[in-house]
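What the coordinates show
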Amino acid sequence: MCRPGGVPEPAGTGDEASMDAAFTALLEDGADELYESAPCGYLSTLMDGTVAKINNTLLDWLGLDRAAVVGRKHFTDLLTVGGRLYHETHFAPLLRMQGELRGIALEMRCEDGARLPVLVSAVVKYGTEGEPLLIRTTVFDASDRRAYEEELLRRRQEAERARAEAEQLRAAADEARRQAEADRSRLAAALTVLQRSLVPDSLPAVPGLETAVHYHTAAPDLLGGDFYDLFPAAGNRWAFFLGDVCGKGPQAAALTSLTRYTLRAAAHHDPDPASALATLNAVLHERYTAGGDPRYCTCVFGIVEPGGEHGPTVVRLASGGHPPALVLRAGGRAEYLPTPGGMLVGVVPGAPMGTAETVLAPGDTMVLYTDGLTEARAGAGRDDLLGEDALLAFAAGRAPASPGEVIGALTGLLESFGDGLNDDTALLALGVPAAPSRPRAGSRSRSRSATSRS
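This text gives an overview of the structure that appears in the document. In this numbering scheme, every chain counts its residues from 1 along its sequence in written order. The model is predicted, so local features are restricted to residues of pLDDT at least 70 and side-chain atom pairs to those at 80 or more, both for listing and for counting; the totals for chains, interfaces and linings are taken over all residues. Computation of side-chain values: all heavy atoms of the structure, hydrogens and water removed.

**Quick notes on the overall build of the protein**
- Starting at the N terminus, helices and strands are each numbered in turn, a helix being any DSSP run of H or I of at least four residues and a strand any DSSP run of E of at least two. For the protein, the count of helices and strands is 12 helices and 17 strands.
- Two residues form a contact once any of their heavy atoms are found within 4.5 Å. The long-range fraction of contacts in the protein, counting pairs at least 24 apart against all pairs at least 6 apart in sequence, stands at 60%.
- Under the convention used here, a 1.4 Å probe and the Shrake-Rupley method define accessible areas, while residue burial counts only the protein chains that appear. Summed over its atoms, the accessible surface of the protein is roughly 25200 Å², and 54% of this surface lies on carbon and sulfur atoms.

**Focus on the pairing of strand E13 (residues 354-360)**
- We call a residue buried when its accessible area falls under 20% of the maximum for its residue type, exposed when it is over 50%, and partly exposed in between, using a 1.4 Å probe and counting protein chains only. In E13, alternate side chains face the same way, and those of Gly354, Ala356, Thr358 and Leu360 are buried while those of Thr355, Glu357 and Val359 on the opposite face are not.
- When DSSP locates at least two bridges between a pair of strands, those strands are taken to pair. Pairing between strand E10 (residues 313-320) and E13: 7 bridges, direction antiparallel. Within the sheet, the bridge partner assigned to Val315 lies in E13 and is Thr358.

**Quick look at the packing of aromatic side chains**
- Any two rings among Phe, Tyr and Trp, with Trp reduced to its six-membered ring, count as a pair given centres within 6.5 Å; such a pair is stacked if its planes are under 30 degrees apart, edge-to-face if over 60, and tilted if neither. For the structure shown, the criterion picks out 6 aromatic pairs.
- When the ring of Tyr35 is compared with that of Tyr42, the centres are 5.4 Å apart and the planes differ by 15°; the resulting orientation is stacked.
- On the basis of relative accessibility, which here comes to 17%, the residue Tyr35 falls in the buried class.
- Given the relative accessible area of 27%, Tyr42 is considered partly exposed.
- Here the aromatic residues Phe227, Phe231, Phe241 and Phe301 are joined through ring pairs into a cluster of three or more.
- To sit over a ring, a charge needs its Lys NZ or Arg CZ within 6 Å of the ring centre and within 35 degrees of the ring normal. One Lys or Arg, Arg287, reaches over the ring of Tyr288 and ends 4.7 Å from the middle of that ring.
- The cationic tip of Arg398 hangs over the ring face of Phe394; the distance from NZ or CZ to the ring centre is 3.6 Å.

**Overview of the sheet that holds strand E12 (residues 334-337)**
- Pairing in this open sheet of 5 strands is antiparallel, and the strands run E6-E17-E14-E11-E12 from one edge to the other. Of all the strands in the sheet, the pair left with one neighbour each is strand E6 (210-216) and E12. Strand-to-strand twist of the sheet, defined as the mean angle between neighbouring strand axes without regard to direction, takes the value 20°.
- Orientation is described by lines fitted to C-alpha atoms, with helices fitted over the stretch in contact, and by angles between N-to-C directions that extend from 0 to 180 degrees. The strands that helix H10 (residues 387-396) touches are strand E11 (325-328), E12 and strand E14 (365-369); relative to E12, the one it contacts most, it runs at about 135°.

**Some remarks on the sheet that holds E10**
- Strand order in this open sheet of 5 strands is E7-E8-E9-E10-E13, and the pairing throughout is antiparallel. A single partner strand is all that each edge strand has here, and the edge strands are strand E7 (226-232) and E13. Adjacent strand axes in the sheet meet at a mean angle of 15° when their direction is disregarded.
- Where strand E8 (residues 238-245) lies against strand E9 (residues 297-305), 8 bridges are found, and the strand directions are antiparallel. Bridge pairing in E9 links Trp238 to Val304.
- Against the sheet, helix H8 (residues 273-287) touches E9, E10 and E13, its axis set at about 150° to E9.

**Quick word on the environment of Gly404**
- Mapped onto the elements of the fold, Gly404 is located in helix H11 (residues 403-416).
- Since its relative accessible area comes to 46%, Gly404 is described here as partly exposed.
- Taking the C-alpha atoms as reference, Gly404 lies 7.0 Å from Thr211; in sequence the two are 193 residues apart.

**A look at H10**
- Leu391, Phe394 and Ala395 are the residues of H10 that are buried. Along the axis of H10, the buried residues cluster in a sector spanning 95°; they form a single face. Set apart from the buried face of H10 by more than 90 degrees, the exposed residues are Asp389 and Ala393.
- Where H10 is buried, its residues meet E11, E12, E14, helix H9 (371-374) and H11. Working note: the arc is built from the helix axis to C-beta atom directions.

**Digging into the environment of Gly341**
- With respect to the element layout, Gly341 can be found in the loop between E12 and E13.
- With 22 residues separating them in the primary sequence, Gly341 and Ser319 have C-alpha atoms 8.6 Å apart.
- Not counting residues up to four positions away in its chain, the partners in contact with Gly341 are Pro352 and Gly354.

**Observations concerning the pattern of salt bridges**
- The term salt bridge refers to a pairing of a side-chain nitrogen on Lys or Arg with a carboxyl oxygen on Asp or Glu at a separation within 4 Å. As enumerated under the stated definition, the model contains 19 salt bridges in all.
- Two residues, Glu100 and Arg102, come together in a salt bridge whose shortest N-O distance is 3.2 Å.
- Since its relative accessible area comes to 35%, Glu100 is described here as partly exposed.
- The salt bridge involving Lys248 is made with Asp424; its shortest N-O contact spans 2.6 Å. Taken together, the positions of Lys248 in the loop between E8 and helix H7 (249-269) and Asp424 in the loop between H11 and strand E17 (425-431) put the pair 176 residues apart, joining distant regions of the chain.
- When salt bridges with common partners are traced through the structure, they connect Glu151, Arg154, Arg155 and Glu158 into a single cluster.

In short, the description is geometric, and any link to function would need to be established separately.
Written out as structure tokens, the structure is:
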């Protein structure tokens, strides 16, 4: 390169001169210095493995003295027991066959007994006639790599253990879930059997009457507290009752059982409805409330005397804090049969009971129900209770109706509430069969015949 005007520019000035000086300093290292202080280990061995030459780097790693190694030790003497076995069975045979090996993992034994993981590459030097003369070997310290590999292995083992533990936990959870489902099924089956023992499987046939019943259990894993029964009393009279005890579960079941058997026994002793409830009140008060564990129930107890063809069907009721009975008349209207003044059964001694009496004409049906019906949540938002007014309107819209028709309609109403029905509900209907229609003379159509009946 020349300056302007054709004058040559002097060489070796500026940055180029500094770089040349640096290279010159590097080149001052002789071959021996580069060999002895290399960042890896070097050694040369005869074909029988005797160490002929070894650099300072490898001696420093192993903590050995050159005089104790060169000409005195074999390459295998520098290896651990496992390294020697691998050298004899794999390393040496492959090296003789191939003439070189690269990146073989071995372990060398330090003077202090420590182990040094290394990566070894070796090449055979041949003479002019092709005969093997010696083996040149490079040794790289693989301690960091070994630590990294061991850490990876440890992490992998930890992950596998964690995965196995997770699988065991999942399996245990699945087994626990299956066991819980099986226990729940067994419990539900046992509760179903026990629940059936608290209410009759079916109602007996009553001459001159039609009957129907429905029982809804809100929680299949809890015993319900609603109860009902229908059984013969003295003469041609029949006793019936329906009620609701406080609480849920086994304690409620015990209270229900005591209530049912007390009412049955009281009815056979004195069939008067108010007397039967007074007996139940005394028993519950003495058994529970007087002992500091108040338990009570609401109940309506009745006696029905079917008239058949010889007279009217008379019903006498007594109620202890229970919702009023509902009567659907054959004429197409519905009404409540009030029993005012009745108190919860079992709370106080001598509690008053409300009484009422009515006559069921042919086509009339009386319905008893627990408060699970009137307290069901209605409406789109399930915010409002059904209430007695809505129930009365529902019944009036279906009167006249037989007991089976009324219970069927009310069952459909209960199902329509969905999750708004959160309490047990018992329904019991008694009715007098409607009289057979007798069309007037000259009546030729069903519509005129129905008008005549009404």
